[in-house]
Amino acid sequence: MSIDGLVVSRARAEEAPIIGNLMQFYIHDFSALWFDRAEAELEADGRFSDYPGLETYWSDPSRQPWLFRIDGRPVGFALVNDVAHAPTPVDRAVAEFFVVRKHRRRGVGLAAAHALFGSTWGVWEAAVVRRNAGALAFWRQAAESYPGVRDLVEEDRRDAQWDGAVLRFRVG
Ligand SMILES: CC(C)(COP(=O)(O)OP(=O)(O)OC[C@H]1O[C@@H](n2cnc3c(N)ncnc32)[C@H](O)[C@@H]1OP(=O)(O)O)[C@@H](O)C(=O)NCCC(=O)NCCS
């Protein structure tokens, strides 16, 4: 699906603060899933703590920051690395993925995910925390609807490393 005005591109180093800002909204969304955990409390200044290691997405070649814009305005981001949530190694893992609420449910996420898949051939992974049912439906749809996806497997994991679904598939 193509979305008018949507551009999905690698974020430049000077765009790191934009992702830092969007991260606040992302953590706010996740805080609703973590109502019974200590994580995702606001600091005294009314912000969530900065995302640890965000700057490594511009220095570590195995990591990639992506920005999604519509007509030049930021509407989402993705952080991609190669850290698997299951014992099977992967080439690319979607560490974080976000679309702002105003632009949800009109295909922005799908188009952005497909742009990511199109950037690198190999084994991809998307891991989804158990409570994030909407995201699980989204990633199933994103993988199943991309023409280059093969060998899609979905594992339900509950161990020290991960509690939720891990989707793995080959692109290319
Ligand atoms: C998950 C997220 C990225 C989806 O982005 P989006 O742009 O709204 O997704 P799309 O419009 O491309 O959705 C494509 C399809 O995915 C599925 N889907 C997306 N969001 C869904 C939801 N909340 N509940 C159920 N299905 C959903 C639907 O099948 C949808 O197609 P439809 O709208 O025709 O029914 C967005 O809701 C988000 O940023 N959520 C908060 C952060 C998050 O959970 N990120 C994922 C971490 S693993």
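As the structure is a prediction and not an experimental result, all values here were calculated from the model. Within each chain, residue numbers correspond to sequence positions counted from 1 in written order. Per-residue local features of the predicted model are confined to residues with pLDDT of at least 70, and side-chain atom pairs are confined, for both listing and counting, to 80 or more; whole-chain, interface and lining totals are unaffected and use all residues.

Only runs of H or I of at least four residues qualify as helices and only runs of E of at least two qualify as strands under DSSP, and these elements are numbered from the N terminus. Scanning the protein from N- to C-terminus turns up three helices and seven strands. In the protein, the order of α-helices and β-strands from amino to carboxyl end is β-α-β-β-β-α-β-α-β-β. Each radius of gyration is computed over the set of C-alpha atoms, and the globule rule expresses the reference value as 2.2 Å times the number of residues to the power 0.38. Radius of gyration (C-alpha) of the protein: 16 Å, near the 16 Å computed for a compact globule of 172 residues. Burial statistics for the protein: of 172 residues in total, 30% are counted as buried. C-beta atoms are placed from the backbone for every residue, and two residues are taken to be in contact when these atoms lie within 7 Å. Taking contacts inside the protein between residues at least 6 apart in sequence as the whole, the part at least 24 apart equals 62%. Counting other C-beta atoms within 10 Å of a residue's own tells you its class, since 20 or more makes it buried, 12 or fewer makes it exposed, and anything in between is partly exposed; those C-beta atoms are placed from the backbone.

Another aspect to go through is the site of the ligand. The full set close to the ligand counts 19 residues, and R104, G109, L110, G134 and A137 are the nearest of them. Secondary structure elements with two or more residues in the shell around the ligand: α1 (16-33), β4 (92-99), α2 (108-119) and α3 (133-144). The greatest single-element share of the shell around the ligand, amounting to five residues, is contributed by α3. Tallied by class, residues from the shell around the ligand come to 10 nonpolar, five polar and four charged. A residue counts as near a molecule or strand when its C-beta atom, positioned from the backbone, falls within 6 Å of it. Each residue gets one label: Ala, Val, Leu, Ile, Met, Phe, Trp, Tyr, Cys and Pro are nonpolar, Asp, Glu, Lys and Arg are charged, and the others, such as Gly, are polar.

In the Ramachandran plot, A40 falls in the positive-phi region, its phi being about 65° despite a non-glycine side chain. Summarising the element assignment, A40 is placed in the loop between α1 and β2 (64-70).

Further remarks concern the environment of S31. For S31, the position within the fold is in helix α1. The sequence separation of S31 and D91 amounts to 60 residues, and the corresponding C-alpha distance is 29 Å.

Time to look at the nonpolar core. Nonpolar side chains in soluble globular proteins tend to be buried together. If you look at the biggest cluster of nonpolar residues, it comprises 42 residues, and the most contacted ones within it are W66, F68, F77, A78, V80 and W139. No other element matches β4, which puts six residues into this core. Excluding its chain neighbours within four sequence positions, the residues that come into contact with F68 are L6, V8, V75, G76, F77, V99, V108 and A112. For this analysis, nonpolar core means a set of buried Ala, Val, Leu, Ile, Met, Phe, Trp, Tyr and Cys residues linked through C-beta atoms within 7 Å.

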